[in-house]
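Letter by letter, the chains look like this.
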Amino acid sequence: MHQGSRITAVGHYQPARVLTNEDLAGMVDTSDEWIRSRAGIRTRRIAGPDEPVDELAGHAAAKALASAGLTPADVDMVVVATSTAIDRSPNTAARVAARLGMPGPAALDLNVVCAGFTHALATADHAVRAGSSSRALVIGADKMSEVTDWTDRTTCVLVGDGAGAAVVEACAPGEEPGIGPVLWGSVPEMGNAVRIEGTPPRFAQEGQSVYRWATTRLPAIARQACERSGLDPADLAAIVLHQANLRIIEPLAAKIGAPHAVVARDVVESGNTSAASIPLALSKLVERGEITTGDPVLLFGFGGNLSYAGQVVRCP
């Protein structure tokens, strides 16, 4: 039985094409001022038709591995959080493993939509604690542009594409765990508030319901996630929430009670990238040096299914 796990490296990837609010104003009845006042988003990245979600995931994974000084053969488990994979089989994790030339990892996809990455991170942490994995690659990747109705001005202004990845490794004997206990759950009766349904699948949501739930119910749950790690929220160095909307992120972060924490606001330049949003934002904070090794960071995902999952991790 291992004592716990830690994140040893992160990486992210976004497609080259930038879609601005001005671009969107030429496509639907909207404006830069309207989008920024309601969502805080200025730009988002959009993948091309020849860039499937497993390619986005593979790029982010390769960067995380390089940052950790590892080869693909060093990994024995790949967990991909995504809700936008088009094919059922092979799953995204298996395709990432094939792209990177991995010799034979456990490969599983996990669909908890916007809360997917924090669920996947907990799953990998549990596998390491149980002794069934020693080194896992945890990836959040979504191609929201593929499930978006680009004539619907209420949803198309929100979304972007991207991927983020983390390398999770077993702690050495006696070492403090770097991934705290997960606090997770859902509100099944409100599951229809965020949907990707139909043929072809399309993203839709009840924005007001999600906003009310996120800003009123979630602060206490996020604080409980800190308590599970034995940490006072005031001691957090950073808060990385699902990057849904700046109007949700800012009040939610303020109510957690961490006045000195850096609050990730990657939604401004990336839009809502669903399961990719937390690892993408975390990787950028690390890359820019806004947080340093060992810093306690709250990761908290919420959204689709009206599921949530959060844990405190130590910055790699």
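Residues numbered from 1 in each chain as written. Predicted model: local features only at pLDDT ≥ 70, side-chain atom pairs only at ≥ 80, totals over all residues. Heavy atoms only, no water.

**Student:** Before we move on, can you summarise the nonpolar core with the specific residues and values?
**Tutor:** Ranked by internal contacts, the top residues of the largest apolar core, which has 48 residues, are Leu218, Leu236, Leu241, Leu298, Phe300 and Phe302. Counting only elements with at least two residues in this core, the list comes to helix H2 (32–39), helix H6 (207–216), helix H7 (218–228), strand S11 (238–241), helix H8 (246–256), helix H9 (267–270), strand S13 (296–303) and strand S14 (307–314). Residue contributions to this core peak at 6 residues, all from H8. Every residue in contact with Leu236, bar those within four places of it in the chain, is listed here: Cys226, Leu231, Ile256, Ala258, Ala261, Pro296, Val297, Leu298 and Val312. Grouped together as the second largest cluster of nonpolar side chains are 33 residues, Met77, Ala115, Val168 and Leu285 included. (Core = buried A, V, L, I, M, F, W, Y, C linked by side-chain atoms within 4.5 Å. Buried < 20%, exposed > 50% of the residue type's maximum accessible area, 1.4 Å probe, protein only. Helix = DSSP H or I, 4+ residues; strand = E, 2+ residues; numbered from the N terminus. Contact = heavy atoms within 4.5 Å.)

**Student:** Residue-level account of the packing of aromatic side chains, with values.
**Tutor:** The relation between two aromatic rings is expressed through the spacing of the ring centres and the mutual angle of the planes. All chains considered together, the criterion is met by 2 aromatic pairs. Relative to Phe302, the ring of Trp213 lies with its centre 6.5 Å away and its plane at 70°, an arrangement referred to as edge-to-face. Placement of Trp213 in helix H6 and of Phe302 in strand S13 is noted, with a sequence separation of 89 residues between them. Here Phe302 falls in the buried class, since its relative accessible area comes to 1%. Seen in terms of ring centroids, Phe300 and Phe302 are 6.3 Å apart; in terms of plane orientation they differ by 40°. Their pairing is tilted. On the basis of relative accessible area, Phe300 is assigned to the buried category, the value being 0%. Among the aromatic residues, those joined into a cluster by ring pairs are Trp213, Phe300 and Phe302. Here the guanidinium or amino end of Arg153 rests over the ring plane of Trp34, the centre of that ring lying 5.7 Å away. Between the NZ or CZ atom of Arg247 and the centre of the ring of Tyr211, over which it lies, the distance is 5.2 Å. (Phe/Tyr/Trp six-rings, centres within 6.5 Å; stacked < 30°, edge-to-face > 60°. Lys NZ or Arg CZ within 6 Å of the ring centre and 35° of its normal.)

**Student:** Any chance you could break down the environment of Ile179 for me, citing the residues and the numbers?
**Tutor:** Checked against the element boundaries, Ile179 lands in the loop between strand S7 (161–170) and strand S8 (183–186). Given the relative accessible area of 1%, Ile179 is considered buried. Sequence separation between Ile179 and Pro52 is 127 residues; the distance between their C-alpha atoms is 30 Å. Each residue touching Ile179, except ones within four places of it in the same chain, is listed here: Ser5, Arg6, Ile7, Leu121, Asp125, Arg129, Val168, Gln311, Val312 and Val313.

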